[in-house]
Amino acid sequence: MAVTVENLTKIYGKGDTEVKALDGISEKFEKGEFAAVVGASGSGKTTLLHLLGGLDIPTSGTVKFDETDIYKLSDKGLSEIRRKKIGFVFQFFNLIPELTAKENIILPVLLDNKKPDENYISELSKMLGISDRLTHFPSQMSGGQQQRTAIARALANDPEILLCDEPTGNLDEKSGKAVIELLRETRRKFDKTVVIVTHDLKIADQADRIIKISDGKIA
């Protein structure tokens, strides 16, 4: 799925407290692309990711999934886009500690009132190297294993776009490189559009394309 943003602006606050987090950004992410968004803290890169994923409402501008302007949809329609079209991976793994790895992975599928595709879940687990950890709880796994589980969870509903906010920020360098390679492999194998936000240029260099944001604008 291609994702296009046009003149995207996000303003927080009013008057003296007004902050323009994004300032008229236009960009296109092609289907199957692996793109990295980089910038200093406060540059607007995470705001962009949240708007791409329907997690926040833009002040102005559009976000289109192919030809669908997601912010012209009803709340129900936008919620459906988030559930079915988008997978999210965050810096902090956000796994539910009381659930096993497999239970965490299939949770989005169950919340969508669907039956998990056991063959697909098995294939994901093997590719991500966590087949032997599916019955483990998060506290019994390393940081890298937890992030791989979080990636599997993000892919469980077979979304078309994967949005990752500092996915290696809570990992050591070796585990971080492994996670990025797994994201690249995910893109290749399942033909996903992958957008990551990172402050680490070594990580960004592994993407197809780097987009630099400064003060809410494409630098």
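Look a little higher up for the structure.
Residues numbered from 1 in each chain as written. Predicted model: local features only at pLDDT ≥ 70, side-chain atom pairs only at ≥ 80, totals over all residues. Heavy atoms only, no water.

## Section: the pattern of salt bridges
Stage number 1. Going through the model one piece at a time under the given rule, you end up with 19 salt bridges.
Stage number 2. When the shortest N-O distance is used, the salt bridge between D56 and K10 registers 3.4 Å. Taken together, the residues D56 in the loop between α1 (45-52) and β4 (60-65) and K10 in strand β1 (residues 3-12) connect sequence positions 46 residues apart. Exposure class is identical for D56 and K10. Each is buried.
Stage number 3. Across the pair E118 and K102 runs a salt bridge, and its minimum N-O distance is 2.9 Å. (Salt bridge = Lys/Arg side-chain N within 4 Å of Asp/Glu carboxyl O. Helix = DSSP H or I, 4+ residues; strand = E, 2+ residues; numbered from the N terminus. Buried < 20%, exposed > 50% of the residue type's maximum accessible area, 1.4 Å probe, protein only.)

## Comments concerning the nonpolar core
Stage number 1. Grouped together as the largest cluster of nonpolar side chains are 37 residues, with contacts concentrated most on L162, L183 and I196.
Stage number 2. Secondary structure elements with two or more residues in this core: β3 (34-38), α3 (101-111), α4 (118-127), α5 (143-155), β7 (161-165), α6 (173-190), β8 (193-197) and α7 (201-204).
Stage number 3. Not counting residues within four places of it along the chain, the set of residues in contact with L183 comprises F34, I151, L162, C164, P167, V194 and I196.
Stage number 4. Residues V5, F29, V63 and V197 belong to the second largest nonpolar core, which totals 27 residues. (Core = buried A, V, L, I, M, F, W, Y, C linked by side-chain atoms within 4.5 Å. Contact = heavy atoms within 4.5 Å.)

## Quick notes on the layout of surface pockets
Stage number 1. Estimates place the volume of the largest pocket at around 410 Å³.
Stage number 2. Taken together, 17 residues form the lining of the largest pocket, with I86, F88, P108, R153 and A154 sitting closest to its centre.
Stage number 3. Going through the elements one at a time, α2 (75-85), β6 (86-90), α3 and α5 are the ones with two or more residues in the lining of the largest pocket.
Stage number 4. Of the residues that constitute the lining of the largest pocket, the class distribution is 10 nonpolar, four polar and three charged. (1 Å grid on protein atoms, 1.4 Å probe; cavity = no way out; pocket = protein on both sides within 12 Å on 5 of 7 lines; lining within 4 Å. Points joined across faces, edges and corners; volume = space filled by probe spheres on them. Nonpolar A, V, L, I, M, F, W, Y, C, P; charged D, E, K, R; others polar.)

## Details of the sheet that holds strand β5 (residues 68-69)
Stage number 1. With antiparallel pairing, the four strands of this open sheet are ordered in space as β2-β1-β4-β5. Either end of the sheet is taken by a strand with one partner, and the two such strands are β2 (19-29) and β5.
Stage number 2. Where β1 and β4 come together, five bridges link them in antiparallel fashion. If you follow V5 over to β4, its bridge partner there is V63.
Stage number 3. Strands β1, β2 and β4 of the sheet are contacted by α1, whose axis makes an angle of about 120° with β1. (Pairing = 2+ DSSP bridges. Axes fitted to C-alpha atoms, helices over the stretch in contact; angles between N-to-C directions.)

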